[in-house]
Amino acid sequence: MEEQVGKYWDRLISRMADPAWEHEAVTLESVRKPLSVFFRTLGGDGGLSIRASIQTESSLRRNWLQRMAGSGKRISLAWRSAETLHLPDRINLFPNAELNRELYYWLAAMATAPAYDDLSWIERSQQQVLFILQRYPGLVDRYHRLVTAAIGFRPDPKRLNSEEGAQECDIQQALYSPGTIGQLSKCQRDPLPVLLWLHPTPPQSAVANEVCQSASQQEPSSQGETKQSEQQKKRKAKRKKAESNQGGLLTLRHETSLFSVAEMANLDRAEDEDDDLQDAENNANEMDELTITRDNNITAKRVRFDLDLPSAQEEEVILATGHLLPEWDFRNQVLVKDHCSLLTIKAAVTDSGELPDRLKPAARRLRRQFLALRPQSTWVKHQEEGSELDLEAYLKFRGQRAAGQQVEEPRLYSALEKKERDLACLLLADLSLSTDAWVGDQARVIDIIRDSLYLFSEALQQTGDQFSICGFSSRYRNHVRFHLLKSFNQAYSRQVRQQIEAIKPGYYTRMGAAIRRSTELLTLQPQKQKLLLILTDGKPNDLDYYEGRYGIEDTRMAIIEARKAGLIPFCITIDEEAEDYLPYLFGRGHYTLIRRAAELPAKLPQLYARLTS
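Things to note about the overall build of the protein
A count of helical and extended segments in the protein gives 18 helices and 24 strands. Relative to its full complement of 613 residues, the protein shows a buried share of 46%. In the protein, the proportion of contacts linking residues at least 24 apart, taken out of those at least 6 apart, comes to 72%. In the form shown here, the protein has an accessible surface area of approximately 32,600 Å², with 48% of it arising from carbon and sulfur atoms.

Below, the structure is given as structure tokens:
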């Protein structure tokens, strides 16, 4: 009872302390897609992703209710970093939802203005406002509406002390007449935040630094004995963050859950060391799942286990190793040569290689439809040479000669001309860990991709087009896995179906390296038209620094390189957030979003037909 009363009391005090206009609130998620288009239309950096900003310390003067409720300490502002446009998660500043929505668009517009890093906060903010208003006059009325509404919620300078009042007057004048205030009046307190301007001192995100550090960390040192596990098997495992009093645990950013959840014995092995490595391995063998950790302490003994990589001898055939590829470093604007190492593999399969029964009706229908795309031989008349006499041309020629007409060199033959589609296509499928996710209750994403590859192959074999099917996943830059499911010079057969049947979720999505390798393979083909189809369910990422803006920029550069090589890249995705980054990667009209993943197997062949007709 006391706990329930406490909850009601806390809720009451919080509402009294911060009477926000919750019923008029607008969330970032509700405006994300049109806001992204608006931001890029105004010249915003297409490589920036839009995310909710974190709350930062606020200089607001709190009343006694806010101090009692513990609120008003932090506030969400907007700012732009090298990789992200940060916007408040929700805006409920005004008692009008339309004004709250307009504030989102205004902040996005402000983020397209130059940084003016050499100016003070108030000068920089005014110059950014002037830049937007001069470049986009249509936003003037919107800005004035927002200023009028925002100043109504700011304190009256007359009710503040002299220093704070002078400072507030400067800010309000800068809002009403941007460009008229050169320096903010001195005051011991920081100025109140201005929600129409960008953050004066954006917080420095430590995410990139943490990722780089984790990528560069080596294995924990061991000055003692190391024992390789006698049982070379893949063990089920999970990662858990270390408690502060127990050495560091292995914490890695992951695309989806790499490992499933099970029990953990949270022991401090630095203090309770087991000297018998055989006992340690036996204990591991008795557990259904291992929980792994990394610390920087020196260990006396260590047992090596294989937790993630499958046995190449049993499950895969390695076709080529150490194929080096470059990678684009957008921070330094340089193409780093031989930065990624690619491993070309095939599955060592024993399946029957038969087309699944559930797909046979659709395959028969597609084969009939795509047979119409196969080039047909046609007779071409009025030729100087040919295998058959053109009877119509011959009779016309004899008639003209009989009438005494002068006839030029006659064309009296017909030739059988065989038309061919001068086209090569490489389908590159994303086989990363995220494909292990379920779509409804019927199938996983990887199952839908597998069915799509089956039907795609069944359709294309009828056209006579040269095609190849590959898949990829990655685990750091030196382990990019390139699955060769069907090569260009290989017929679609039982062996290809076996390779398709054997695909499974891999690791991460270092897309730039896979696209570059696909470009190399397509460039070797003699056909004039070369189509690179990329099938994916998410944006580029990997365990190291290859995430966010870095991965996006490298993938974009790989696509640019493919176009320069004469290829036509096109992306098919089932990622609901693809509109945020695919226009920047591929350009409008060079990608498509399949909103219902289950429709992919049927739509992929039809899409190919439209692209190549």
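Having seen it, we continue.
Quick notes on the pattern of salt bridges
On inspection of all chains with the given rule, the structure shows 24 salt bridges. A salt bridge links Glu98 to Arg101; the nearest nitrogen and oxygen atoms lie 3.1 Å apart. Of this pair, Glu98 and Arg101 both sit in helix α4 (residues 97-110), separated by three residues, roughly a single helical turn. Glu98 gets classed as partly exposed once you look at its relative accessible area, which sits at 42%. Measuring nitrogen to oxygen at the nearest pair gives 3.1 Å for the salt bridge that ties Asp357 to Lys360. The exposed category is assigned to Asp357, whose relative accessible area is 60%. Taken together, the salt bridges that share partners define one network made up of Glu327, Arg510, Asp542 and Asp544.

Thoughts on the sheet that holds strand β20 (residues 466-474)
Taken in spatial order, the eight strands of this open sheet run β12-β13-β21-β20-β17-β22-β23-β24, and their pairing is mixed. Each edge of the open sheet carries a strand with a single partner, namely β12 (316-329) and β24 (591-593). Within this sheet the neighbouring strands show an average axis-to-axis angle of 25 degrees, counted without direction. Bridge count between strand β17 (residues 423-430) and strand β22 (residues 529-536): seven bridges; the pairing is parallel. Along β22, the bridge assignment pairs Leu427 with Leu533. Contacts from helix α13 (residues 445-463) reach β17, β20, β21 (480-486) and β22, with the element oriented near 165 degrees to β20. Helix α18 (residues 600-612) rests against β17, β22, β23 (567-573) and β24 of the sheet, and its axis sits at about 155 degrees to β22.

Observations concerning the packing of α4 against helix α6 (residues 140-151)
Direction vectors running N to C along α4 and α6 enclose 120 degrees, while the axes themselves pass 10 Å from each other. In terms of axis orientation, α4 runs oblique to α6. α4 and α6 meet at a crossing whose hand is left-handed. Mapping the contact onto sequence places Leu99, Glu102, Leu103, Tyr105 and Trp106 in α4 and Arg142, Tyr143, Arg145, Leu146 and Ala149 in α6. Residues that form the contact of α4 with α6 fall into these classes: seven nonpolar, no polar and three charged.

Examining the environment of Pro356
Counting through the fold element by element, Pro356 comes out in the loop between β13 (334-347) and α11 (360-371). Judged by relative accessible area, Pro356 falls into the buried class, the value being 16%.

Here we look at the sheet that holds strand β5 (residues 79-80)
Ordered by their spatial adjacency, three strands build an open sheet running β2-β6-β5, and the pairing between neighbours is mixed. Both edges of this open sheet fall to β2 (49-52) and β5, since each of them pairs with a single strand only. Bridge count for β2 against strand β6 (residues 84-87) is four bridges, and the pairing is parallel. Note on β6: the bridge partner recorded for Ile50 is Leu85.

Here we look at the packing of α11 against α13
Across the interface, α11 lies against α13 with an axial gap of 8 Å and an inter-helix angle of 30 degrees. Classified by the angle between their axes, α11 and α13 sit roughly parallel to one another. You can see that α11 and α13 cross each other, and the crossing is right-handed. Packed against α11, whose contacting residues are Ala362, Ala363, Leu366, Arg367, Phe370 and Leu371, the element α13 presents Leu455, Glu458, Ala459, Leu460, Gln461, Gln462 and Thr463 at the interface. Considering only residue class, the contact of α11 with α13 consists of eight nonpolar, three polar and two charged.

Section: the nonpolar core
Core analysis: the biggest nonpolar cluster contains 48 residues, and Leu87, Trp106, Leu196 and Trp197 have the highest contact counts within it. Sorting the residues of this core by element identifies α2 (28-41), β6, α4, α5 (121-135), α6 and α7 (162-176) as the ones contributing at least two each. In terms of residue count, α4 provides more of this core than any other element does, 10 residues in total. Ignoring anything within four residues of it in the chain, the contact list for Trp106 reads Val129, Ile132, Leu133, Leu139, Tyr143, Leu146 and Leu196. Counting 41 residues, the second-largest nonpolar core is a separate cluster that includes Leu359, Phe467, Leu600 and Ala609.

So, unusual backbone geometry
Backbone geometry places Tyr116, a non-glycine residue, at a positive phi of 50 degrees. Along the polypeptide, Tyr116 turns up in the loop between α4 and α5. Given the relative accessible area of 25%, Tyr116 is considered partly exposed. Positive phi is not limited to glycine here, since Gln333 has a value of about 55 degrees. The residue Gln333 is located in the loop between β12 and β13 in this model. By relative accessible area, which is 53% here, Gln333 ends up exposed.

Concerning the side chain of Arg450
Here Arg450 is to be found in helix α13. The class of Arg450 is buried, set by a relative accessible area of 9%. One polar contact links the side chain of Arg450 to the main-chain carbonyl oxygen of Ile503, over a distance of 2.7 Å. Setting aside anything within four residues of it in sequence, one finds Arg450 in contact with Ile500, Glu501 and Ile503.

Conventions and cut-offs
- Residues numbered from 1 in each chain as written.
- Predicted model: local features only at pLDDT ≥ 70, side-chain atom pairs only at ≥ 80, totals over all residues.
- Heavy atoms only, no water.
- Helix = DSSP H or I, 4+ residues; strand = E, 2+ residues; numbered from the N terminus.
- Buried < 20%, exposed > 50% of the residue type's maximum accessible area, 1.4 Å probe, protein only.
- Contact = heavy atoms within 4.5 Å.
- Areas by Shrake-Rupley, 256 points an atom, 1.4 Å probe, with all protein chains shown as cover.
- Salt bridge = Lys/Arg side-chain N within 4 Å of Asp/Glu carboxyl O.
- Pairing = 2+ DSSP bridges.
- Axes fitted to C-alpha atoms, helices over the stretch in contact; angles between N-to-C directions.
- Parallel < 35°, antiparallel > 145°, perpendicular 65-115°, else oblique.
- Left-handed = near helix turned anticlockwise from the far one by under 90°.
- Nonpolar A, V, L, I, M, F, W, Y, C, P; charged D, E, K, R; others polar.
- Core = buried A, V, L, I, M, F, W, Y, C linked by side-chain atoms within 4.5 Å.
- Polar contact = N/O pair within 3.5 Å; in protein donor to acceptor, adjacent residues only side chain to side chain.

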